[in-house]
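Observations on chain architecture
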Amino acid sequence: MAKLRVETTINGEETEFLCSGQDSLLDVLRGPLAMTGTKEGCTTGDCGACSIVLDGRLVPSCLVLAAEAEGRVVETIEGVADGQKLTAVQQQFLEHGALQCGICTPGFIIAAEKLLEKNPDPTEEEARYYLAGNLCRCTGYDKIIRAVLDAAAVRREERA
Amino acid sequence: MSADTNEGQERKFKRIGTRPIRHDGLDKVTGRARFGADYALPGMLHGVMVRSPYAHARILSIDISQAEKVPGVRAVVTRDDFPDVPIGWIPAGSTGVDLGANARTVMAREKVLFHGHAFAAVAATTELAAREAGKLIKVEWEVLTPVLSLEQALAKDAPILHEGQETKGDHPTPEGDSNIANQVCFEGGDIAAGFEEADVIVEGHFETPMVHQGYIEPHACLANVREDGTCEVWCPTQGAFGVKGEVASIAGIEPSLVKVTPTEIGGGFGGKIPVYIEPVAVVLSRKAARPVKITMSREEVFRGSGPTSGSRMWARIGAKSDGTFVAVETKFDFEAGAFRGSPVGAACMTVFSPYNCENFRIFGRDIVLNKPRVAAYRAPGAPIGAFAAESLIDELAMKLDRNPIDLRIQNAVAEGDRAKYGPRFGTIGFKEVLEATRSHPHYKAELGPNQGRGVAAGFWFNAGMQSSATVSVNDDGSAVVRTGNPDIGGSRASMALMCAEELGVDVARVRPLVGDTDSVGYCDPTGGSRVTYATGMAVIEATRQVVDHLRARAATIWDIELDAVEWQDGNAVAINGSAEKGSMSLEDIARKMRLTGGPIVSSASVNPPAAGPGFGVHVCDLEVDPETGVSKVIRYTVVQDAGKAIHPTYVEGQYQGGAAQGIGWALNEEYLWDAEGKVENAGFLDYRIPVASDLPMIDTVIVEVANPLHPYGVRGVGETPIVPPLGAVANAMRHATGIRFHRLPMSPPRVLDALDSDGASS
């Protein structure tokens, strides 16, 4: 079967790839594009490890067909840091030790960045509900939530 | 290392106990860290496992001819491509190993023994082609009646999973073939007289379901067998040396030809100690003469890996009216799954060992049935047993109108007291932990309507086992510390901290590495809460040897005796009449290494026979909605003895993570089965692990009662935190609702049923 040719923008760069009609965007990111920072935990949209931002919206990339990326804007964990500078969210994850094994971390960081963009001053409860689509089995979420709330404070200060 | 080197109590640490950013953190917050499924090789094929549609069936024949014809298919393998490793139980530690069972778990031979049991595998140029080919494998099955519950397994006319399997172990064992694989019994005193003497007896039947470790990263493996027969394997594992041995045994390769590189690992909790796909990837690669990668789907993880045992338990406690325990007794039946090896032995060893009681009979049975074969899960067996014991102690406290912590303190073991399985405890911190819990603000806080507070305790032995470490000094005075223990929760930072403490340098000057099986000395797996303890010991020992070299080099440069050089916080300092020489920094010495004898590298190996048990006490506040049966943990505190916290952030992380897993086990998690033995909820939507909105912050208190077996006083901390939560949550539920739940999980429909029927169905 002929492959589909897709033109899209990933982390600010115009990108093209070939895919089959069955490939998910996650398959293409991790496979031909070798962007393995986006993780696969379930392929059913339940774990959040493959979270990306598509046209400004937080989505699990396992539930997006690769062909759907045509003409759209994709943001992944590889594009989160600003050059050599980590974002406040990334830095606070490190400071708080908000990761143990680290497999869920890229998804959490993508989701937390989106949360803080929409809501610069979330309550603990708001953060917990916004991040409820991301599973972590190691931390019990305590340090993740603290990192996100502290990152929010750092961002507010930076932008004040 | 001997006990007299213990400095945990007195030594003033400069770096131990600080909270540096972990060395591997940057790669993990930027997506650069490479986990199992992130590895690829040119020309790589995609391998898939082909799994049984039956829970119990004999394989009469397998025809792969149609599958081999599918375009893109390069290899199809079945039992015929694997050596027939004989079944045979080799006792080891508190359990044992059966290489034949391990081989049959990976690739079915005579029978399939659970739904999802792999009986073939395919490698093809695309995953789709491999899956298509898998469907064309023709098997002639003799479908057998599946054994799906403990009742069925124990029935007189039960189908036998393993013909020729006789019950091993203690006490009258059944005659002939049996699904009871093993029996354990620990006895002391006079159990009948003990209960005779009791003023109060509490007892209960308890049940827990099979649950999965639930790591977020599915199993993955890349294997490449080369033309000369050497073989490289990349996989996320808790122990690369274990994988090397299992691959050699199951795939039929000389161990010397196998090199295993542990990738970053996305959670394990015991479930990534065994192999499932690694030997298959190797055999596929050998047959196809191409690299092969196998990645499990989440569904396959639930059906074909893990889990831990479901159980059926009975226990009772007899006590005097003043609260003194005079007799304890248990009968535990644990589901082993397809092959012997449930953690019932460890459950029996741990269940009442935190409490003194002269008269006891602790009996347990390891029972096979047609469910997935269980694997280790964080303090294997202990949470299950503690659920029964700690629930009963709570009942006893209510009957005697006693504070539940006071009652535990009254009966708690201390140094010199005997565990039920034999040995006497060394220095332990159980009473300290109980006292710290009693004085914690959480324990005194007011409760609101529909809220209840539960307390429970637990302990885990912790392991020692074999570890190696190598420390080398760079010519700029920085250092590299290499071990073979995959970093599953921040252990690189702990290794670097211990090395930095001994060297007297900033921890950022020490780079910790996890090596492959060709580049580091042997290390047993990252498991048993042993890495910071045992591998840490090897790191300290190797670093001390490096320091001796550094002192010797300084002595050479100064031309004085070695004894006249002391190591003080990163500097060689001349003493004993040579003080005029002053001091020389690590950097100065390192820069001159080439002139003073060459590179400085030291290795050390340890094999400590014992570790130092860790005790924990948890406090749980639960609020229950009587309209819906939904319960929510509103406050939770973990108090645990760490001996000495090397990196407190990651100690707290272990406490919090273990508590969260235990809360999930108590409230929601369970395998659901259909009538044929198929798991009905093999995905994270229906197998519901706790999410962020389910939990509160989890408060932690690190108690430090130094472990005399470790130079800094370290105890393992990883497993103990999952032991108390099942009991703590159940006790909170009892006090919130007035209903004692004997069966987990306490999911909303069950709670609602119990509330509606006045506790009758709990």
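Note that the coordinates shown come from a computational prediction; the quantities given were computed from them, not determined experimentally. (Residues numbered from 1 in each chain as written. Chains lettered and ligands numbered in written order. Predicted model: local features only at pLDDT ≥ 70, side-chain atom pairs only at ≥ 80, totals over all residues.)

Comments concerning the interface of chain A and chain B
Definition in use: We call two residues in contact when their backbone-placed C-beta atoms lie within 7 Å. The helix and strand labels rest on DSSP assignments: H or I over at least four residues marks a helix, E over at least two residues marks a strand, and numbering proceeds from the N terminus. Put simply, Ala, Val, Leu, Ile, Met, Phe, Trp, Tyr, Cys and Pro go in the nonpolar bin, Asp, Glu, Lys and Arg in the charged bin, and everything else, Gly too, in the polar bin.
Contacts between the two partners involve 43 residues from chain A and, on the opposite side, 44 residues from chain B. For the side of chain A that touches chain B, the secondary structure elements donating two or more residues are helix 2 (88-96), helix 3 (105-118), helix 4 (124-130) and helix 5 (142-159) of chain A. Looking at the side of chain A that touches chain B element by element, the count peaks at four residues for helix 2 of chain A. In the side of chain A that touches chain B, the residues fall into 21 nonpolar, 13 polar and nine charged.

Points about the domain arrangement of chain B
Residues and elements named next belong to chain B. Just so we agree on the cut-off: Reported domain spans reflect what an automatic or database domain assignment gives.
Under the domain assignment, chain B is made up of domain 1 (10-33 + 464-606) and domain 2 (401-456 + 611-756). Once you take the C-alpha centre of each, domain 1 and domain 2 turn out to be 36 Å apart. Across the boundary between the two partners, domain 1 contributes 18 residues, which contact 20 residues of domain 2. Taken together, the elements giving at least two residues each to the side of domain 1 that touches domain 2 come down to helix 15 (491-503) and helix 16 (531-558). Here the side of domain 1 that touches domain 2 takes five residues from helix 16, the largest share from any one element. For the side of domain 1 that touches domain 2, the class distribution of residues is seven nonpolar, nine polar and two charged.

Examining the pairing of strand 21 (residues 479-483) of chain B
All names here are of chain B. Operational definition: In this scheme every C-beta is placed from the backbone, and a residue whose C-beta has 20 or more other C-beta atoms within 10 Å is buried, one with 12 or fewer is exposed, and one in between is partly exposed. If DSSP finds at least two bridges between two strands, the strands pair.
Strand 21 sits mainly inside the fold: four of its five residues count as buried. Bridge count for strand 20 (residues 467-473) against strand 21 is five bridges, and the pairing is antiparallel. From the neighbouring strand, Ser472 faces strand 21, where its bridge partner is Val480. The turn joining strand 20 and strand 21, which pair antiparallel and follow one another in sequence, is formed by five residues; a positive phi near 85 degrees is taken by Gly477. By the bridge criterion, five bridges tie strand 21 to strand 22 (residues 510-514) in an arrangement that is parallel.

Details of the nonpolar core
All names here are of chain B. Defined as follows: The term nonpolar core refers to a group of buried residues, namely Ala, Val, Leu, Ile, Met, Phe, Trp, Tyr and Cys, whose C-beta atoms join them within 7 Å.
If you look at the biggest cluster of nonpolar residues, it comprises 295 residues, and the most contacted ones within it are Val122, Val233, Val280, Cys499 and Val729. The element best represented in this core is helix 16, accounting for 13 residues. Ignoring sequence-local partners within four residues, the contact set of Val280 consists of Gly47, Met49, Val77, Val106, Met107, Ala121 and Ile294.

Thoughts on the sheet that holds strand 16 (residues 311-319) of chain B
Residues and elements named next belong to chain B. Just so we agree on the cut-off: Each axis is a line fitted through C-alpha atoms, and for a helix only the stretch in contact is used; angles between axes span 0 to 180 degrees, taken between their N-to-C directions.
Strand order across the open sheet formed by six strands is 9-10-18-17-16-11, with mixed pairing between neighbours. In this open sheet, the two strands that pair with only one neighbour each are strand 9 (168-169) and strand 11 (200-208). With two bridges connecting them, strand 9 and strand 10 (residues 180-188) associate as parallel partners. In the strand pairing of strand 10, Lys168 is matched with Asn182. Packed onto the sheet, helix 10 (residues 344-351) meets strand 10, strand 17 (325-337) and strand 18 (359-368) and runs at close to 165 degrees relative to strand 18.

Things to note about the environment of Thr470(B)
Residues and elements named next belong to chain B. Take Thr470: it is sitting in strand 20. Placed 207 residues apart in sequence, Thr470 and Thr263 show a C-alpha to C-alpha distance of 19 Å. Dropping the residues within four chain positions of it, Thr470 is found in contact with Arg482, Val520, Gly521, Ala542, Val601 and Ser603.

Focus: the packing of helix 11 (residues 382-399) of chain B against helix 12 (residues 404-411) of chain B
Residue and element names in this part refer to chain B. Note the threshold: In this scheme, roughly parallel covers angles under 35 degrees and roughly antiparallel covers those over 145, while 65 to 115 is roughly perpendicular and the rest are oblique.
Where helix 11 meets helix 12, the closest approach of the two axes is 9 Å, and the angle between their N-to-C directions is 110 degrees. As summarised for this structure, helix 11 and helix 12 are arranged roughly perpendicular, according to the angle between their axes. Between helix 11 and helix 12, the contacting residues are Ile393, Asp394, Leu396 and Ala397 on the first element and Pro404, Leu407 and Arg408 on the second. Looking at the contact of helix 11 with helix 12, its residues break down into five nonpolar, no polar and two charged.

Quick word on the packing of helix 7 (residues 240-251) of chain B against helix 8 (residues 278-288) of chain B
Residues and elements named next belong to chain B. What counts here: In this scheme, a crossing is called left-handed if the near helix is turned counterclockwise away from the far one by less than a right angle; it is called right-handed if the turn is clockwise.
Contact geometry for helix 7 and helix 8: axes closest at 9 Å, N-to-C directions at 55 degrees. Taken together, the axes of helix 7 and helix 8 lie oblique to each other. Viewed along their axes, helix 7 and helix 8 form a crossing whose handedness is right-handed. Within the contact between the two elements, helix 7 uses Val243, Glu246, Val247, Ile250 and Ala251 and helix 8 uses Glu278, Pro279, Val282 and Val283. Grouping the constituent residues of the contact of helix 7 with helix 8 by class yields seven nonpolar, no polar and two charged.

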